[in-house]
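So the chains spell out like this:
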Amino acid sequence: MTKQMHAFHMVNPSPWPLTGAASAFMLTSGLAMWFHKHSNTLIFLSMILMLLTMYQWWRDITREGTFQGHHTSLVQKSLRYGMILFIVSEVCFFFGFFWTFYHSSLSPSPDLGMMWPPKGVIPLDPFEIPLLNTAILLGSGVSVTWAHHSLMEKTHKDMVISLSITIILGIYFTLLQGMEYFNSTFNISDNAYGSTFFVATGFHGGHVIIGTLFLTVCLLRQLMFHFTSSHHFGFEAAAWYWHFVDVVWLFLFISIYWWGS
Amino acid sequence: MKIGIRIPELYFDLGCFVMASLGLRRIFGVVRTFSAAAADNGAHKGSSRTWKILTFTVALPGVGVCMLNAYLKTRGGHERPEFIPYPHMRIRNVSFPWGDGNHTLFHNRHLNALPDGYEDESEDH
């Protein structure tokens, strides 16, 4: 049997990068079709393709790493770099929305009444639900750290409990935000206040949902004994992403909810 | 069985009390494992116990306190603002691609007015 004389992972040919790119193309053009031509066929098809791609690509990575042993420490190092760089790109993404918020709010234009919040906009009280949401995310950061340590210390049951607590807190956050969205007196069409508020918090909420799903996948994998006490990068990546989501919320809370009210 | 723990005695006692009162003695016992060799990616002995204690004594009670605070504060009920047809509110340059094109995604009939005014006639809310 031929041995590979290097520590790298030469991935077998795979269709998922192509289907992923196709779905991304169809998502963007489909969004334009939906908004401007009121046709949702393209975006609907692209959603299906995207979900199929995600499921099969990540299933393959799990097979390659957990079952076939391709994830040597060198490969794992590259995966770490990859996740870190991805999170950096997400920071850049949110930076733009914070820029636009401060641009609009630091010198409010005359048609808003030269005040922030603009005339006619009643902001949410930051010390009601938003404060609770802050406690939820900070608390979930503690529980996910507990999960990590118990994974490293081989206490399986504790890890399952702590990760479940983290996921439940994430779901609770999303439900509360949804409730807030329905119970606000302002909406997205209410000038720059509404745009900046709902786009920034909306994208953040989307990232919370993604993070919760990522953590849920980790829980399922833990229940199937995929992770070892010293090799569990998938979980670490999920935990990093979750901390990132928490930090973005803290910035949102302080800038938009608190200072902006 | 005495295990060298780095956290102060106070946390240990408090942790025991919390664990007992929450009926978690069984889990608590499982957590008190030795770390084998030094192969645990830098995890110190018992550090998961520290985070467990923090979860149940700080994180979750903190959430509980904020829940109580939020509940007490919102008992007053939502007051909706008077409808004034400001041009910078309820902007409709393009219609929404759902429903009748005039309602936002999270539209609330009681709290959100349409460009023409509130949908429900009655004023006493």
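Residues numbered from 1 in each chain as written. Chains lettered and ligands numbered in written order. Predicted model: local features only at pLDDT ≥ 70, side-chain atom pairs only at ≥ 80, totals over all residues. Heavy atoms only, no water.

1. Re the overall build of chain A
Across its full length, chain A carries seven helices and zero strands. Along chain A, from the amino end to the carboxyl end, the secondary structure elements read α-α-α-α-α-α-α. Each of the three principal axes of chain A carries a C-alpha extent, and together these read 75 × 45 × 25 Å. Counting only contacts in chain A whose residues sit at least 6 apart along the sequence, the fraction spanning at least 24 positions is 75%. Of the roughly 13,400 Å² that chain A leaves accessible, carbon and sulfur atoms contribute 74%. For chain A, the centre of its 10 positive side-chain charges and the centre of its 12 negative side-chain charges are spaced 16 Å apart. (Helix = DSSP H or I, 4+ residues; strand = E, 2+ residues; numbered from the N terminus. Contact = heavy atoms within 4.5 Å. Areas by Shrake-Rupley, 256 points an atom, 1.4 Å probe, with all protein chains shown as cover. Lys, Arg positive; Asp, Glu negative; His and termini not counted. Charge placed at Lys NZ, Arg CZ, Asp CG, Glu CD.)

2. Comments concerning the domain arrangement of chain A
Residue and element names in this part refer to chain A. The domain boundaries assigned to chain A delineate domain 1 (11-70) and domain 2 (72-258). On the side of domain 2, four residues touch domain 1, which itself brings five residues to the contact. Contact between domain 1 and domain 2 buries roughly 340 Å² in total, counting both sides, with carbon and sulfur atoms accounting for 52%. When the area that domain 1 buries against domain 2 is broken down by residue, the three leading residues are T62, T66 and H70, summing to 78%. Our enumeration of links across domain 1 and domain 2 arrives at zero salt bridges. (Domains from an automatic or database assignment. Buried area = accessible area lost by both parts, 1.4 Å probe. Salt bridge = Lys/Arg side-chain N within 4 Å of Asp/Glu carboxyl O.)

3. Re the interface of chain B and chain A
The interface is formed by 50 residues belonging to chain B together with 48 residues belonging to chain A. Taking both sides of the interface into account, the surface hidden between chain B and chain A amounts to around 4,100 Å²; carbon and sulfur atoms contribute 63%. Across the contact surface, chain B and chain A share two salt bridges. As a salt-bridge pair, D125(A) and K73(B) come within 3.5 Å of each other at their nearest N and O atoms. Inspection of the chain B/chain A interface yields 16 residue pairs in polar contact (both at pLDDT 80 or more). Taken together, the elements giving at least two residues each to the side of chain B that touches chain A come down to α2 (25-31) and α3 (47-73) of chain B. With 16 residues, the top contributor of residues to the side of chain B that touches chain A is α3(B). Here the residues of the side of chain B that touches chain A sort into 25 nonpolar, 17 polar and eight charged. (Polar contact = N/O pair within 3.5 Å; in protein donor to acceptor, adjacent residues only side chain to side chain. Nonpolar A, V, L, I, M, F, W, Y, C, P; charged D, E, K, R; others polar.)

4. Some details on helix α2 (residues 41-67) of chain A
One full turn of an α-helix is made of 3.6 residues, so residues set three or four places apart face in the same direction. Residue and element names in this part refer to chain A. With 27 residues, α2 extends 38 Å from end C-alpha to end C-alpha; this agrees with the ideal 39 Å at 1.5 Å per step. Within the sequence span of α2, burial applies to I43, S46, T53, Q56, D60, T62, E64 and G65. Following α2 by one or two positions, G69 has its phi on the positive side, about 75°. (Expected span 1.5 Å × (residues − 1). Buried < 20%, exposed > 50% of the residue type's maximum accessible area, 1.4 Å probe, protein only.)

5. Notes on the layout of surface pockets
The space that makes up the second largest pocket amounts to roughly 380 Å³. Lining the second largest pocket are 21 residues, with L124(A), E128(A), N183(A), T74(B) and H78(B) sitting closest to its centre. For the lining of the second largest pocket, the elements supplying multiple residues, two or more each, are α4 (129-152) and α5 (156-182) of chain A together with α3 of chain B. Top element by residues in the lining of the second largest pocket is α3(B). It accounts for three residues. A class-by-class count of the residues in the lining of the second largest pocket yields nine nonpolar, seven polar and five charged. (1 Å grid on protein atoms, 1.4 Å probe; cavity = no way out; pocket = protein on both sides within 12 Å on 5 of 7 lines; lining within 4 Å. Points joined across faces, edges and corners; volume = space filled by probe spheres on them.)

6. Some thoughts on the UniProt feature "transmembrane region" in chain A
Residues and elements named next belong to chain A. The feature "transmembrane region", as annotated in UniProt, sits at residues 16-34, 41-66, 73-105, 129-152, 156-183, 191-223 and 233-256 in this numbering. Helix and strand shares over residues 41-66 are 100% and 0% respectively, and the end C-alpha atoms of the span are 37 Å apart. In the segment residues 191-223, helix accounts for 100% and strand for 0%; the C-alpha atoms at its two ends are 48 Å apart. (UniProt positions renumbered as here; feature names shortened; annotations may be inferred.)

7. Quick word on the packing of aromatic side chains
Applying the stated criterion across every chain, the model contains 35 aromatic pairs over all chains. Note on F197(A) and Y257(A): the rings are 5.3 Å apart at their centroids and 70° apart in plane angle, and the pair reads as edge-to-face. With F197(A) in helix α6 (residues 191-223) and Y257(A) in helix α7 (residues 233-259), this residue pair connects regions lying 60 residues apart in the sequence. Y257(A) carries the same exposure label as F197(A), and that label is buried. With 5.2 Å between their ring centres and 15° between their planes, F96(B) and W98(B) make a pair best called stacked. (Phe/Tyr/Trp six-rings, centres within 6.5 Å; stacked < 30°, edge-to-face > 60°.)

8. So, unusual backbone geometry
Residues and elements named next belong to chain A. W116 connects to P117 through a cis peptide bond whose omega is 0°. By secondary structure assignment, the location of P117 is in the loop between α3 (73-106) and α4. Notably, F225 is not glycine yet its phi reads approximately 60°, a positive angle. The topology assignment puts F225 in the loop between α6 and α7.

9. Considering empty space enclosed by the protein
All names here are of chain A. Within the structure shown, the criterion is met by two cavities of 30 Å³ or more. Size it by volume and the second largest cavity reaches roughly 40 Å³. Lining the second largest cavity are P123, L124, F186, Y193, F197, I256, Y257, G260 and S261. Looking at the lining of the second largest cavity, the elements with two or more residues in it are α6 and α7. Broken down by class, the residue content of the lining of the second largest cavity amounts to seven nonpolar, two polar and no charged.

10. A few points about the side chain of S104(A)
In this fold, S104(A) is placed in helix α3. In this structure, S104(A) is in contact with W116(A), A192(A) and T196(A), ignoring residues within four places of it in sequence.

11. As for the packing of α4(A) against α7(A)
Residue and element names in this part refer to chain A. Relative to each other, α4 and α7 sit at 160°, their axes nearing to 10 Å. For the element pair α4 / α7, the angle class is roughly antiparallel. Our pair here, α4 against α7, has a crossing hand that is left-handed. Here the residues of the contact of α4 with α7 sort into 15 nonpolar, seven polar and two charged. (Axes fitted to C-alpha atoms, helices over the stretch in contact; angles between N-to-C directions. Parallel < 35°, antiparallel > 145°, perpendicular 65-115°, else oblique. Left-handed = near helix turned anticlockwise from the far one by under 90°.)

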